Structures are given as C-alpha cells and as structure tokens.
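# Structural overview for review
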Amino acid sequence: MTIQTSICPRCGRPSEEGLCPQCRAADVRLLTCEPFVTAVYCPVCESQKRGKTWSDLQMPREDLIAEMAVSATSIHEDAKDIRVSVRAEEIAPNRTACTVEVEATLYTVPVRETCRTEIRWQRESCDRCSRISGGYYEGIVQVRAMNRKINAYEREVAAKIAEQAEESLQQSGDRFSFISDLEDSKDGVDITVGTQYLGQEIARAIKGALGGRFTTHPKLVGEKEGKALYRITYSIRLPFYQKGDVVVSRGGYFEVRDIDGQRLRVFDLQNGTARTLAEGEVERRIGNVREAESALVVFTQPNLVGLMDPKTYRTRELNTVPWTFPVEGQPIRVLRDEEQDRLVIVG
C-alpha cells in the first residue's frame, strides 16, 4: 500500500475515497415495499382501472399480479443490472400476498433483497358496464326488407357485422361503442348501440354487404350542459332481391350481383356476360346461389353436358354454357327451377 492510497474508515479496506463500495452498499436499502396496493377491476367485463381510467387491455392474471407487486416497490436509484422476481400466494378471495426479490449491483457490489406486499382486489362496475346496466343507449339499428321478411342468412350477416364493428371500435379505444342488445324479431333485427358513431358504422356496413338503403330518424330525448341530446334510429331497408338471387327474365336465367335502386346488376348464366335489369323485367326468382346443389358430371359432349340429378339420381342433359368447364366425374353447382323442371348451372 502506497502512502497515497486511501482506506475505508469503517473496515480498513482500500478505498479511492471515503467508504469502500461494500460499506456504502451496506448503508443503503436496495428495496422497500408498500404494505399493500389496490387493483380495481370490473367483475362483468374484467376491464382494469388504472388511476381514473378504465382499460380493456387485459393481461393474464399472473402478469397483472407481477405488475401490481412491482408497482408497490421502490428500488434505490443507484442500483444497476436490476433483476426482479415475484412469488405470489392467494391468501383470500380478494387478497394476494407477494414476495418481491430484487438482485442488482450497488456501487459495483452484487446485492439481493426481498420485501413483501399485498394486492387487494377491488370490484367496481366500469364506466361502460354502468351505462349498459343503466339502460343507456344512443341509437337503434333496425334491419328490415322491402315487401318480405329478412332470411336467416341476412340475420346472420347483420349480427356478424354489428359484432365486428363493436370489436373494432373498442380495440381502437372507443369503450362506449357497445352493443347493449341484439334482438331477433319476426320482421328483422334490432341492434341497440351505445354511440351514434357505432350505429352509423353498422348501418353503412350492412348496406354495403346486403344492399338496400338506410335512413336516420333522430328523436330529442333531453338536454345536457345546454346541448340537445338525441337518440337516432338507423332504418335499413334491404332490397326485395338479394345478391346471389337467380331470377328469370324473358326466358333467361340471371344471377344478381348488385342492386342499385330499382336496377339489378346481373350475370347472364347462359352466355357469361354482365348486364343490367330493371326490377320490372324480372318475371320470378328460382333461388339463391347459396342454396345450390352439387350435381355430378356424367359425360361431356360438344354443346352438351350430362348431369346426375342430385334428387332423382337420373342423368339429365343440359346445354353447355361457355363460362364453365365441366369435367367428367367432378361436381358442378346447379339450382333447380321447379316451375320448369330444369337444372340451371350456376358455377
């Protein structure tokens, strides 16, 4: 030891200045814990409250326990290379005891400490569930059809679109865009929504998927902070004909591809071309391509194809259509025209 070398006044070890690293580390607390921390969650939707804000960003319970336990700790500001582990034990339905262990480096000295805290789970109805349970809503989407009842397919599509719109908006952070009721009635579907924006998005999406039109009907229900409050009914009227319908016009068969007002954009099932029909030109409807049956191709000849009738199992001869390529032994989709006792190739 040279004359210029300092020594630790406490333990006598060499030290650059004052206390040595070991004595400095021994003088400080690496880790302290609050006695408990409160975790607030909604028992209905399991959303979590952070401060004054509710969040749908749920995490596995184990991860939440670790996060809450760590939030109750304080680690010395000079600690480096910190490694934290948490052990948890459920001691009651609403209490979790946690042991937090921290390993770190303090003034170049490896140290390790543990402390205990407790998570107290508190149930509270979130802002969204409070609105739903209180019957709050801002609009109703009513899905009906022109001069007919909507079918099972349209009901399913409308419900799926509504649920997807709700999920998309809530994932983007719009917690109040909820569906509080989705009711099937004999005339159609009624969708009760928490925000007017959600109602508008659902109405637009259903119109885009199924055609038709929608109108809005606001109703004044009160006033808040000097502003008028409205509830809006989004009235959707699906067209009489649907996408996929196969209709007869002047003896020909056409598949409806789109509806624009009183005109139908159709696909000619005989020659494979697109054209437009007025609703008044349609004589009748034979079915929808969703209801098509599979008929086995028995033989093919120039301008002729033999199909096994899926109902009678007899071979029926049809004129070929240029937009299909039937292969012997392979199925092809057909619709049955009961009135003419014919099979119509639809693809």
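Here, every reference points to the structure presented above.
An account of the accompanying structure is given in this report. (Residues numbered from 1 in each chain as written. Predicted model: local features only at pLDDT ≥ 70, side-chain atom pairs only at ≥ 80, totals over all residues. Heavy atoms only, no water.)

Moving on to the sheet that holds strand β23 (residues 342-345). In spatial order, the strands read β21-β20-β19-β22-β23; together these five strands make up an open sheet with antiparallel pairing. Pairing within the sheet leaves two strands with one partner each, and these edge strands are β21 (315-319) and β23. Each neighbouring strand pair of the sheet contributes to a mean axis angle of 50°, computed without reference to strand direction. Judged from the four bridges that link them, strand β19 (residues 293-301) and strand β22 (residues 331-337) form a sheet pairing that is antiparallel. Residue pairing for β22: serine 294 is matched across the bridge by arginine 333. (Pairing = 2+ DSSP bridges. Helix = DSSP H or I, 4+ residues; strand = E, 2+ residues; numbered from the N terminus. Axes fitted to C-alpha atoms, helices over the stretch in contact; angles between N-to-C directions.)

Take the packing of aromatic side chains next. On inspection of all chains with the given rule, the structure shows three aromatic pairs. Ring plane angle 85° and centroid distance 5.1 Å describe the contact between phenylalanine 267 and tryptophan 323, whose orientation is recorded as edge-to-face. Of this pair, phenylalanine 267 sits in strand β16 (residues 263-268) while tryptophan 323 is found in the loop between β21 and β22, placing the two residues 56 residues apart along the sequence. Since its relative accessible area comes to 13%, phenylalanine 267 is described here as buried. Given the relative accessible area of 22%, tryptophan 323 is considered partly exposed. Just above the ring of tyrosine 107 sits the side chain of arginine 24; from NZ or CZ to the centre is 3.9 Å. The aromatic ring of phenylalanine 176 is capped on one face by arginine 131, whose charged end is 3.8 Å from the ring centroid. (Phe/Tyr/Trp six-rings, centres within 6.5 Å; stacked < 30°, edge-to-face > 60°. Buried < 20%, exposed > 50% of the residue type's maximum accessible area, 1.4 Å probe, protein only. Lys NZ or Arg CZ within 6 Å of the ring centre and 35° of its normal.)

This model, assessed by the stated rule, comprises one disulfide. Cysteine cysteine 42 is unpaired, with the sulfur of cysteine 129 as its nearest cysteine sulfur at 3.7 Å. Residue classification places cysteine 42 among the buried residues on the basis of a relative accessible area of 0%. Here cysteine 98 is not cross-linked by a disulfide; its sulfur's nearest cysteine counterpart is in cysteine 33, at 9.1 Å. (Disulfide = S-S within 2.5 Å.)

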